[in-house]
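# A closer look at the structure
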Amino acid sequence: MFARSTGLAALLAVGAFACAPAFAQQQPDPAVLDKIYCVYDSLIDTGDYEQVAEAFLYDDTPQADADTAQKLVDTLATKCAETHKLGAKKRSIIADIGIYGASADYLAEDLMLIDDASEETVEAIFAMSDDLTDDEVMKLFDGSWRQDTAFAAKLKAALLAKGLPDNPETLEAAYHMLHLTSAAAVSATAFVLSTEAES
């Protein structure tokens, strides 16, 4: 399955980091990537990513379920921080990346299972991050892309060209995937640039 076998982990390893100026010259060491998506990997491995994604994506999630999902992420982040000897700031960052990755993969699965998007189309959506400028990544991250009509039109045209069905709900899911991968890229950059000591 695409979402479980590649998903955000592969994107972070080969694509999204290229959007950040800090990684213009080289990619992070694999050991650093292990730290960055430790929570994400754990959520995928256990299958708990669905519970976390639903709590993050849907406003009507019962509070008890949202609390359970948050505790799950917190527990994994604490375990990862202990394993990799990370401080509080980096622990928080990898928790966020875990949520972003779980949610992006969840939406990717929905596109394939509900909207009949092909695996190739979903892979192409993830890979779109390779073609985004730093400014475009930040617009997707902070939501200001919706006010940039030219960029919004560019995104829609690119998604349709990759085979995504032209209907509002499907496109919105794809836009949200791009927002999440951009958020993950920005968070991963913050992790690597953080001066917080690792003991």
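Residues numbered from 1 in each chain as written. Predicted model: local features only at pLDDT ≥ 70, side-chain atom pairs only at ≥ 80, totals over all residues. Heavy atoms only, no water.

## A closer look at the environment of Ser-103
Assignment of secondary structure puts Ser-103 in helix H7 (residues 88-113). Setting aside residues no more than four positions away along its own chain, Ser-103 makes contact with Ala-53, Phe-56, Leu-57 and Leu-180. (Helix = DSSP H or I, 4+ residues; strand = E, 2+ residues; numbered from the N terminus. Contact = heavy atoms within 4.5 Å.)

## Some words on the state of the cysteines
Under the definition given, this model contains one disulfide. Across the disulfide, Cys-38 is cross-linked to Cys-80 (sulfur-sulfur distance 2.0 Å). Its S-S torsion of approximately -80 degrees makes the covalent link between Cys-38 and Cys-80 left-handed. Taken together, the residues span a long stretch of sequence, with Cys-38 in helix H4 (residues 38-46) and Cys-80 in helix H6 (residues 63-84) at a distance of 42 residues. Classification of Cys-80 as buried rests on a relative accessible area of 3%. (Disulfide = S-S within 2.5 Å. Buried < 20%, exposed > 50% of the residue type's maximum accessible area, 1.4 Å probe, protein only.)

## What to know about the packing of H7 against helix H11 (residues 168-193)
Between H7 and H11, the least distance of the axes is 9 Å, while the angle of their chain directions is 160 degrees. As far as their axial angle goes, H11 and H7 are roughly antiparallel. Two packed elements cross with a definite hand, and for H7 against H11 that hand is left-handed. Along its contact with H7, which presents Lys-90, Ile-93, Ile-94, Ile-97, Tyr-100, Ser-103, Ala-104, Leu-107, Ala-108 and Leu-111, the element H11 presents Thr-170, Ala-173, His-176, Met-177, Leu-180, Ala-183, Ala-184, Ser-187, Ala-188, Ala-190 and Phe-191. Taken together, the residues of the contact of H7 with H11 break down into 16 nonpolar, four polar and one charged. (Axes fitted to C-alpha atoms, helices over the stretch in contact; angles between N-to-C directions. Parallel < 35°, antiparallel > 145°, perpendicular 65-115°, else oblique. Left-handed = near helix turned anticlockwise from the far one by under 90°. Nonpolar A, V, L, I, M, F, W, Y, C, P; charged D, E, K, R; others polar.)

## Observations concerning unusual backbone geometry
Despite not being glycine, Lys-85 shows a phi value in the positive range, around 55 degrees. Tracing the chain through its elements places Lys-85 in the loop between H6 and H7. Positive phi is not limited to glycine here, since Asp-116 has a value of about 60 degrees. By secondary structure assignment, the location of Asp-116 is in the loop between H7 and helix H8 (119-127). What makes Asp-116 exposed here is its relative accessible area of 66%.

## Quick notes on a negative patch on the surface
Among the surface-exposed residues, Glu-50, Glu-54, Asp-65 and Asp-67 lie close enough to one another that they form a single negatively charged patch. Going through the elements one at a time, helix H5 (49-57) and H6 are the ones with two or more residues in the negative patch. With respect to the helices and strands, the residue Glu-54 is situated in helix H5. (Patch = residues over 30% accessible without salt bridge, like charges linked within 9 Å, V, L, I, M, F, W, Y side chains within 5 Å. Areas by Shrake-Rupley, 256 points an atom, 1.4 Å probe, with all protein chains shown as cover. Salt bridge = Lys/Arg side-chain N within 4 Å of Asp/Glu carboxyl O. Lys, Arg positive; Asp, Glu negative; His and termini not counted. Charge placed at Lys NZ, Arg CZ, Asp CG, Glu CD.)

## Let's talk about the pattern of salt bridges
On inspection of all chains with the given rule, the structure shows five salt bridges. Taking the shortest distance from any N to any O, the salt bridge between Asp-148 and Lys-139 comes out at 2.5 Å. Given the relative accessible area of 21%, Asp-148 is considered partly exposed. The salt bridge involving Asp-166 is made with Lys-156; its shortest N-O contact spans 4.0 Å. With Asp-166 in the loop between helix H10 (149-161) and H11 and Lys-156 in helix H10, this pair connects stretches of sequence that are ten residues apart. Each of Asp-135, Lys-139 and Asp-148 takes part in one network of salt bridges that share partners.

## Some details on the packing of aromatic side chains
Throughout the structure, instances matching the rule amount to three aromatic pairs. Summarising the aromatic geometry, the rings of Phe-56 and Tyr-100 are spaced 6.2 Å apart at their centres and angled 70 degrees between planes, so their arrangement reads as edge-to-face. Highlighted residues: Phe-56 in helix H5 and Tyr-100 in helix H7, separated in sequence by 44 residues. Measuring from centroid to centroid gives 6.3 Å for Tyr-58 and Tyr-106, while their planes differ by 70 degrees, and the two rings are edge-to-face. One end of the pair, Tyr-58, is in the loop between H5 and H6; the other, Tyr-106, is in helix H7, with 48 residues separating them in the sequence. For Tyr-58, a relative accessible area of 34% puts it in the partly exposed group. Here Tyr-106 falls in the buried class, since its relative accessible area comes to 11%. We note Lys-90 situated over the ring of Phe-191; from NZ or CZ to the ring centre the distance is 5.0 Å. (Phe/Tyr/Trp six-rings, centres within 6.5 Å; stacked < 30°, edge-to-face > 60°. Lys NZ or Arg CZ within 6 Å of the ring centre and 35° of its normal.)

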